[in-house]
Amino acid sequence: QVQLVESGGGSVQAGGSLRLSCAASGYTSSVNYMGWFRQAPGKEREGVAYFDYRGGGARYADSVQGRFTISQDNAKKTVYLQMDSLKPEDTAMYYCAASPWVGRNWFLPVNYNDWGQGTQVTVSS
């Protein structure tokens, strides 16, 4: 099992930036994919970005393409989400998640095994 702790959330104005961090501990060697998800009140949890440790690199949802950047250390201890040009629509609780599996759709929450507690991002206009 992998333990994940998110941090870095906060309140910013539209157009601003935040950098989220996800610190991983436990059996991190089992992780093949690390994802960022978000969930706004009354909406489904949606995939934002993920990193493929099997060699595929980073991938992004269309809604954040060009604005968000995922990065990580190569020891799988920390993964980051740099969020630029934030919009009110980005307001949500943001979660990081880890998966030991392969061959899945990595934008779907059901395909991740371990989750952090979330960090709130609020973007005002």
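For the structure, see preceding data.
So, here is what we can say about the structure in this document. (Residues numbered from 1 in each chain as written. Predicted model: local features only at pLDDT ≥ 70, side-chain atom pairs only at ≥ 80, totals over all residues. Heavy atoms only, no water.)

## Description of the sheet that holds strand β8 (residues 78-83)
Then, number 1: Reading across from one edge, β1-β3-β8-β7 is the order of the four strands in this open sheet, with antiparallel pairing throughout. In this open sheet, the two strands that pair with only one neighbour each are β1 (2-7) and β7 (68-72). In this sheet, adjacent strand axes meet at a mean angle of 15° when their direction is disregarded.
Then, number 2: Pairing of β1 with strand β3 (residues 18-26), which is carried by six bridges, proceeds in the antiparallel orientation. By the bridge assignment, E6 is partnered in β3 with C22. (Pairing = 2+ DSSP bridges. Helix = DSSP H or I, 4+ residues; strand = E, 2+ residues; numbered from the N terminus. Axes fitted to C-alpha atoms, helices over the stretch in contact; angles between N-to-C directions.)

## As for the state of the cysteines
Then, number 1: Per the stated rule, a full pass over the model turns up one disulfide.
Then, number 2: There is a disulfide in this structure between C22 and C96, and the S-S distance comes to 2.0 Å. A torsion of 60° about the S-S bond marks the disulfide between C22 and C96 as right-handed. Taken together, the residues C22 in strand β3 and C96 in strand β9 (residues 92-99) connect sequence positions 74 residues apart. Here C22 matches C96 in class, with each residue buried. (Disulfide = S-S within 2.5 Å. Buried < 20%, exposed > 50% of the residue type's maximum accessible area, 1.4 Å probe, protein only.)

## Describing the packing of aromatic side chains
Then, number 1: In this structure the tally under the stated criterion is nine aromatic pairs.
Then, number 2: Geometrically, the ring pair formed by F37 and W115 is tilted, given 5.0 Å between the ring centres and 55° between the ring planes. You can see F37 sitting in strand β4 (residues 33-39) and its partner W115 sitting in strand β10 (residues 114-115), a full 78 residues away along the chain.
Then, number 3: Look at F37 and you get buried, because its relative accessible area is 0%.
Then, number 4: Classification of W115 by relative accessible area gives partly exposed; the value is 27%.
Then, number 5: Aromatic pair F51 and Y53: ring centres 5.0 Å apart, planes at 65°, arrangement edge-to-face.
Then, number 6: Members of the aromatic cluster, connected to one another through ring pairs, are Y33, F37, Y50, Y95, W106, F107, Y112 and W115.
Then, number 7: Its end group placed over the ring of Y95, R45 keeps NZ or CZ at 3.9 Å from the ring centre. (Phe/Tyr/Trp six-rings, centres within 6.5 Å; stacked < 30°, edge-to-face > 60°. Lys NZ or Arg CZ within 6 Å of the ring centre and 35° of its normal.)

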